[in-house]
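# Summary of structural features
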Amino acid sequence: MLGSHLMWLVKSWQSAAYHELGRSTEADAAVDESISLNPTHVFNELYKALSLLRLGRGAEAGEHIGMVRRLGWDLASAERIWRRVLPNSPKLEADIRNIHTLYAETESGA
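This structure is a prediction, so every number in the text was calculated from the model and none was measured.

Rules of the game
- Counting starts from 1 at the beginning of each chain's written sequence and moves along it residue by residue.
- Note on the predicted model: pLDDT of at least 70 is required for a residue's local features to be given, and 80 or more for side-chain atom pairs to be given and counted; whole-chain, interface and lining totals, by contrast, use all residues.
- The basis for the side-chain values is all heavy atoms of the structure; hydrogens and waters are excluded.
- A run of H or I in DSSP becomes a helix once it reaches four residues, and a run of E becomes a strand once it reaches two; helices and strands are each numbered from the N terminus.
- Each radius of gyration is computed over the set of C-alpha atoms, and the globule rule expresses the reference value as 2.2 Å times the number of residues to the power 0.38.
- Buried, partly exposed and exposed residues are distinguished by accessible area as a fraction of the type maximum, computed with a 1.4 Å probe on protein chains only: under 20%, between the cut-offs, and over 50%, respectively.
- Contact definition: two residues touch when any of their heavy atoms are within 4.5 Å.
- To measure how exposed things are, a 1.4 Å probe is used in the Shrake-Rupley method; for residues, cover is taken only from the protein chains shown.
- Note that His is not counted, nor are the chain ends; the positive residues are Lys and Arg, and the negative ones are Asp and Glu.
- Charged groups are reduced to one reference atom each: NZ for lysine, CZ for arginine, CG for aspartic acid, CD for glutamic acid.
- As used here, the term nonpolar core means buried Ala, Val, Leu, Ile, Met, Phe, Trp, Tyr and Cys residues forming a set that is joined through side-chain atoms within 4.5 Å.
- A side-chain nitrogen of Lys or Arg and a carboxyl oxygen of Asp or Glu constitute a salt bridge if their distance falls within 4 Å.
- The span expected for a helix works out to 1.5 Å for each residue beyond the first.
- Pairing of aromatic rings covers Phe, Tyr and Trp, the last through its six-membered ring, and needs centres within 6.5 Å; plane angles under 30 degrees mean stacked, over 60 mean edge-to-face, and all others mean tilted.

### Remarks on the overall build of the chain
- For the chain, the count of helices and strands is 6 helices and 0 strands.
- Listed N to C, the secondary structure of the chain is α-α-α-α-α-α in terms of helices and strands.
- Against the compact-globule benchmark of 13 Å for 110 residues, the chain has a radius of gyration of 13 Å, which places it among compact chains.
- With respect to the three principal axes, the spread of C-alpha positions in the chain is 40 × 30 × 25 Å.
- In the chain, buried positions account for 44% of the 110 residues.
- Considering only intrachain contacts with a sequence separation of at least 6, the fraction spanning at least 24 residues in the chain is 57%.
- On the chain, roughly 6,000 Å² of surface is accessible, and the fraction owed to carbon and sulfur atoms is 56%.
- Looking at charge distribution, the chain has the averaged site of its 12 positive side-chain charges lying 3 Å from that of its 14 negative ones.

Now the structure itself:
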């Protein structure tokens, strides 16, 4: 699959798997690769924001929520995509709370 135009998706899925396993450093690295291959995919930007938050880098997380906003996704849209893509995640509600918090913290920068 190396060199495929869909490699960004493979890296996104890999990031999601690492996220579910609680392996934040690996999740962050995989989502960085995915973003480098497809820089305007909203879900990756949400993943990156949550990954940075888990790594204690909340200020940087806000920058990625800013990108999500610039791509036209309001809070309701961000929550909806997260719920649709990760419906059975045991971390779903915690992630949703974090997304709400990040949106609230970046409200003035919208």
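### Let's talk about the nonpolar core
- One finds Leu46, Tyr47, Trp82 and Ile99 to be the most contacted residues of the largest nonpolar core, which totals 22 residues.
- Looking at this core, the elements that each hand over two or more residues are helix 2 (24-37), helix 3 (42-54), helix 4 (58-70), helix 5 (75-85) and helix 6 (92-105).
- Here this core takes 7 residues from helix 3, the largest share from any one element.
- Leaving out residues up to four positions away in the same chain, Trp82 has contacts with Phe43, Leu46, Tyr47, Leu50, Leu92, Asp95, Ile96 and Ile99.

### A closer look at the pattern of salt bridges
- Throughout the structure, instances matching the rule amount to 9 salt bridges.
- Here Lys48 and Asp32 are joined by a salt bridge, their closest N and O atoms 2.6 Å apart. Highlighted residues: Lys48 in helix 3 and Asp32 in helix 2, separated in sequence by 16 residues.
- Asp32 gets classed as partly exposed once you look at its relative accessible area, which sits at 35%.
- Because the salt bridges share partners, they merge into one network encompassing Asp28, Asp32 and Lys48.

### Brief notes about the side chain of Asn38
- Among the secondary structure elements, Asn38 is positioned in the loop between helix 2 and helix 3.
- Among the residues examined, Asn38 registers a relative accessible area of 17% and is labelled buried.
- Those residues in contact with Asn38 that sit more than four places away from it in its chain are Trp8 and Asn44.

### Some details on helix 4
- Given a rise of 1.5 Å per residue, 13 residues ought to cover 18 Å, and the 19 Å separating the end C-alpha atoms of helix 4 matches this to within 8%.
- Of the residues making up helix 4, those classed as buried are Ala61, Gly62, His64, Ile65, Gly66, Val68 and Arg69.
- Once helix 4 finishes, Gly72 follows within two positions and takes phi at roughly 95°, a positive value.

### Section: the packing of aromatic side chains
- Under the defined criterion, the tally for this structure stands at 3 aromatic pairs.
- Among the aromatic residues, those joined into a ring-pair cluster are Phe43, Tyr47 and Trp82.

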